[in-house]
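Architecture at a glance
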Amino acid sequence: MTPDHAPDQGSTAFSAALRAKRRAAGLTQAELAGRAGVGVRTVRDLERGRSRPQRTTVDLIATALGLTGKERSGFLGLARGQGTEAPAVPAVPAAIGLPQPGELIGRDLDASEVAALLTGVGHQTVSLVGLAGVGKTGLALTVAHQVAEQHPGGVAGILVSEVSTPADVLTAIASVFGVGRAADLAARLAAGPALLVVDAIERAPGAVAEARDWLGTSAPTLRVLATGRHPIGLPGERVWPVAPLEVPPADVGADLETVARYPAAALFLARLRQVRREPLEPAEVGALVGLVRRLGGLPLALELAAARGRVLDLNEILNRYGDRVLDLAGPAQRTAKEAVTVSLRDAVAASYQVLEADERRAVRRLSAFRNRWSVELAEAVLADDAGNLASDPVPLLDRLIALGLVSVRGSGPFRFRLLDVVRDFATERAAANGELGRIRRRHASVFARLAARTAPDLAGAKFSAAVSRLDDIASDLWAALAYSANDDPHTALQLAASLPRWWRFRGRDVPGRQWLRRLLDDPRTADADPVVRAWAGVGLAQLAIEHGAGQDELPAVEAALAEFQRAGHLTGELAGRSLLTALWMANGGYDEARRHGEAALAMATEAGRVRDMAVAQNNLTWHEIRAGDLRAARRRLAAVDRLAAECGEHRLRALAWANLAEVARLDGRYAEAEALARRAVTALSEIGDPGHRRRALGTIGLALAQSGRLDEATAVLAEIRSLTASPEPAAGARESGATANQLGAGSRAGESGEVASVEAMLALQRGDRELAAEWFTLAARAYAGDRDLRDVAEALVGLVASTDEPEAKMAARDWLSSICKEGGITLLPRERALIEK
């Protein structure tokens, strides 16, 4: 079925009528365009007769002009070239057959399921509903041809007109089924089921509903497959929302064959081939992914963008239209005299205008979401500043889904999403109405409160679930932060202060620290809640530690601790002391570190805070190791394991196993070390902590190498390297180690401390002392960069033990001595024996 475009001869009369009515209403072209939700260029071209009036555009303009009754009918009639502005004769719907459908991409499942509905029991009317340009008509044609054999009474179709009456609809139906009157349809269809496709029901929904109601009694064997921007509204009608095509995920990669498997990309490429012969360049695949994602998989948008491929490559299309997809427009059909323009903005506006005023207001508020959202989040965003909600949002969401404006994917809470182009259009309308700032402030406030509620779970047994929850709303968190940092810095600070643990876990420590520093330095947050500022200071240091700059933020944490103490905030004080324990250790203040650790343990014990007791015991463990008291370290770690199990803290328990494994290895109990570390690696893999998993694998690799199981240690090296961005050894290197000449220092300089330590031990066990010394040197430097001086000391013990040249050995001893002095480290008896050989 094709759109019922107006004849050419009506263009001049319509242009004059539009101009006269706009002036009579006292509107400029820009004001009329704003009211109608169309582009000002659209209005200008229509008044000048440069483009043919489209049904959806004219309907929006008529509504904006306030036309009703006969005046509206006459205006619409002029747009179709049906004479003067005198009351138009109601038009009979076009009685048309069913053309062969074109290639239907990405709709196989929809087609089979709709076909099953039509050929099953209980669904006499099925309505395909969705945004203009989503592909409803193409899907209807495909389904109709698929089920033709199950409808011996025939398959036919009609196209509805805006001014059709129920009698007009029935007359057209009778005509396409080959009878002269609607009353003869019962006899005509008595031989078996028949199928009628009714296209564009939104043009005259009342007429279609009344006609269908009459047919339900008079021709009960007739099934109806309807398409429109909204349902007919009949009891028993089965509404089938037609969603945009599936788009590739952002991380799909740059393999064209993989990308092209996604229906949205496949449709775009098919349309691109119609205007461009050259295959895609590899550099364009990323732009293809970005473009189809930005267009939201909407077929009309994909086709309009692909048409630009005659002039632009894909990177140019994305750069030019990525931020203004609603501006996409192009000639959809061409007559002998002019091009018929289809605008994406006008297509979206037509569906937007179907909504009631309160529904449009709700869509404008929902446009603040950047990704998927839950019913609860929708409820919060739709509420006023006092938290009051006018009505239950569930019926609203149900209607938006039924209209195809909201998509639903998955079964989790965050499963709702405004179609991208609908979101863009609603954002434009919110800006035009002067409410965009208020909407964004509400959005930021909602997500700041959600992050604050989630933050405590990032430090407990619910860690994994909390991370997953924040991952689901990541794009909204970043959007809320970016907006509120400029317009509502207090909310931005509250939001940012809740996110450091999530940022750290997801490797966003640098940008997270930059945000917190910017907000704390903003003079507008000087009067913010002191406790919120204190948490921001703690977060600043937590993130700084991740990239070796923790000591820079020590004053901020000291100030935060003082504020928590003034406020009597126990959770904050425990967090501050725990962090100061780590910072003072990294800064060489071991007595201060131990003082804070013991104070935190005493406070947590007195308050019965089991998890905080476990954290404090874990922090104090490293003081025992530093002092060479492995027995005391094991006692503390056994307490950590017991307390973590008691409070259900799986991550902390996994870290306890990893640390127990390292203590066992330092004590020469290699089999026990391997078993405990493998247990920790399994748990950390499930939790998703690659950093600590890498350290545990390092313990396994060293334990295997030290116990002479060199082949197994070599296999572990590959797994450690897979968790880092470091380069692999140079081609030609032997299975694990290599001679000093074979493996140059430049190819090893970027290795992690764990890799270098295992490589060093393997080389030493194989008798290659020169290579071992090089690897031990690299390990010491890598660990020094992480400020882990106990690991540096162990690497230097290996360097001393593997160095034969007297001067180099003396230099290594001096380096080791300075590290032990700086870190207050007491070497273990086994280590002292090695360096004294």
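Residues numbered from 1 in each chain as written. Predicted model: local features only at pLDDT ≥ 70, side-chain atom pairs only at ≥ 80, totals over all residues. Heavy atoms only, no water.

**Brief notes about the overall build of the chain**
- When helices and strands are counted, the chain shows 41 helices and ten strands.
- A principal-axis box enclosing the C-alpha atoms of the chain has dimensions of 110 × 60 × 50 Å.
- For the chain, the proportion of its 837 residues judged to be buried stands at 54%.
- Long-range contacts, defined as pairs at least 24 residues apart, comprise 70% of the intrachain contacts of the chain with a sequence gap of at least 6.
- Entry remark: accessible area of the chain is about 35100 Å², with carbon and sulfur atoms responsible for 50%.
- Across the chain, the mean location of the 102 positive side-chain charges is 4 Å away from that of the 103 negative side-chain charges. (Helix = DSSP H or I, 4+ residues; strand = E, 2+ residues; numbered from the N terminus. Buried < 20%, exposed > 50% of the residue type's maximum accessible area, 1.4 Å probe, protein only. Contact = heavy atoms within 4.5 Å. Areas by Shrake-Rupley, 256 points an atom, 1.4 Å probe, with all protein chains shown as cover. Lys, Arg positive; Asp, Glu negative; His and termini not counted. Charge placed at Lys NZ, Arg CZ, Asp CG, Glu CD.)

**Quick look at helix H40 (residues 806-823)**
- Here H40 is 18 residues long and its end C-alpha atoms lie 26 Å apart, about the 26 Å a rise of 1.5 Å per residue gives.
- Where H40 is concerned, the buried positions are Lys809, Ala812, Leu816, Ile819, Cys820 and Gly823. Seen from one end, H40 has its buried residues packed into an arc of 100°, which puts them on one side. Every exposed residue of H40 that faces more than 90 degrees away from the buried side is listed here: Pro806, Glu807 and Lys821.
- The residue sitting at the N-terminus of H40 and contributing the capping side-chain oxygen is glutamate 805; that oxygen lies 3.2 Å from the backbone nitrogen of glutamate 807. (Expected span 1.5 Å × (residues − 1). Arc of directions from axis to C-beta. Polar contact = N/O pair within 3.5 Å; in protein donor to acceptor, adjacent residues only side chain to side chain.)

**Brief notes about the pattern of salt bridges**
- In total, this model carries 48 salt bridges according to the counting rule given.
- Between arginine 566 and glutamate 563 there is a salt bridge, with its nearest N and O atoms 2.8 Å apart. Placement of both arginine 566 and glutamate 563 in helix H28 (residues 554-567) is noted, with a separation of three residues, approximately one turn of the helix.
- Assessed through its relative accessible area of 62%, arginine 566 is described here as exposed.
- In this structure glutamate 563 comes out as buried when scored by relative accessible area, which is 17%. (Salt bridge = Lys/Arg side-chain N within 4 Å of Asp/Glu carboxyl O.)

**Let's talk about the packing of aromatic side chains**
- Taken as a whole and judged by the stated rule, the model has eight aromatic pairs.
- Among the aromatic residues, those joined into a ring-pair cluster are Phe369, Trp373, Phe416 and Phe447.
- In this structure, arginine 651 packs its charged tip against the face of phenylalanine 463, placed 5.2 Å from the ring centre.
- A cation over a ring is seen here: arginine 679 above tryptophan 657, with NZ or CZ 4.0 Å from the ring centre. (Phe/Tyr/Trp six-rings, centres within 6.5 Å; stacked < 30°, edge-to-face > 60°. Lys NZ or Arg CZ within 6 Å of the ring centre and 35° of its normal.)

**Quick look at the environment of glycine 824**
- Take glycine 824: it is sitting in the loop between H40 and helix H41 (829-835).
- With relative accessibility at 31%, the residue glycine 824 sits in the partly exposed group.
- Glycine 824 sits 748 residues away from leucine 76 along the chain, and the two C-alpha atoms are 88 Å apart.
- Those residues in contact with glycine 824 that sit more than four places away from it in its chain are Tyr590 and Arg626.

**What about the confidence of the model for the chain?**
- With 91% of its residues at a pLDDT of 70 or more, the chain shows a mean pLDDT of 87.
- Of all helices and strands in the chain, the one with the weakest mean pLDDT is strand S1 (residues 94-96) (44), whereas helix H24 (residues 489-497) scores best (97).
- The model gives residues 82-92 a pLDDT under 50, and that stretch makes 21 contacts with residues more than four places away or in other chains.
- Confidence drops under pLDDT 50 across residues 725-747; counting only partners more than four residues distant or on other chains, this segment forms 42 contacts. (pLDDT = per-residue confidence, 0-100.)

**So, helix H6 (residues 108-119)**
- In this model H6 runs 17 Å from its N-terminal to its C-terminal C-alpha over twelve residues, within 8% of the 16 Å that 1.5 Å per residue would give.
- All buried positions along H6 are accounted for by Asp110, Ala111, Val114, Ala115, Leu117 and Leu118. The buried residues of H6 all sit within an arc of 155° when viewed along its axis, so they share a single face. In H6, those exposed residues whose orientation departs by more than 90 degrees from the buried face are Asp108 and Leu109.

**A look at the packing of helix H39 (residues 789-802) against H40**
- At a closest axis distance of 9 Å, the pairing of H39 and H40 adopts a crossing angle of 160°. In this view, H39 runs roughly antiparallel relative to H40, as classed from their interaxial angle. Where H39 crosses over H40, the handedness of that crossing is left-handed. Taking contact as the criterion, the partners of Leu789, Val792, Ala793, Leu796, Val797, Leu799, Val800 and Ala801 in H39 are, on H40, Lys809, Ala812, Arg813, Trp815, Leu816, Ile819, Glu822 and Gly823. (Axes fitted to C-alpha atoms, helices over the stretch in contact; angles between N-to-C directions. Parallel < 35°, antiparallel > 145°, perpendicular 65-115°, else oblique. Left-handed = near helix turned anticlockwise from the far one by under 90°.)

**Here's the deal with the pairing of strand S2 (residues 125-129)**
- The element S2 is largely enclosed, with a buried count of five among its five residues.
- Residues Thr125, Ser127 and Val129 point to one face of S2 and Val126 and Leu128 to the other, with burial holding for every one of them.
- Both S2 and strand S5 (residues 222-228) contribute to a ladder of five bridges, which runs parallel. Bridge pairing in S5 links valine 129 to glycine 228.
- Relative to strand S6 (residues 238-241), S2 runs parallel, the two being bridged by four bridges. Bridging across to S6, valine 126 finds its partner in arginine 238. (Pairing = 2+ DSSP bridges.)

**What about the side chain of aspartate 346?**
- As for its placement among the helices and strands, aspartate 346 is situated in helix H16 (residues 344-352).
- As a buried residue without a salt bridge, aspartate 346 has its nearest oppositely charged side chain in arginine 345, at a separation of 6.4 Å.
- With sequence-adjacent residues up to four places away left out, aspartate 346 is seen in contact with Val38, Gly39, Thr42, Thr56, Thr57 and Leu60.

**Overview of the environment of aspartate 358**
- Tracing the backbone shows aspartate 358 in helix H17 (residues 357-366).
- On the basis of relative accessibility, which here comes to 47%, the residue aspartate 358 falls in the partly exposed class.
- Separated by 32 residues in the primary sequence, aspartate 358 and alanine 390 have C-alpha atoms spaced 9.9 Å apart.

**Comments concerning the packing of helix H13 (residues 285-294) against helix H15 (residues 314-321)**
- Interhelical geometry of H13 versus H15 gives an angle of 35° and a closest axis separation of 8 Å. As for how H13 packs across H15, the hand of that crossing is left-handed. Contacts between H13 and H15 involve Ala287, Leu288, Gly290 and Leu291 from the former and Leu314, Asn315, Ile317 and Leu318 from the latter.
- Broken down by class, the residue content of the contact of H13 with H15 amounts to six nonpolar, two polar and no charged. (Nonpolar A, V, L, I, M, F, W, Y, C, P; charged D, E, K, R; others polar.)

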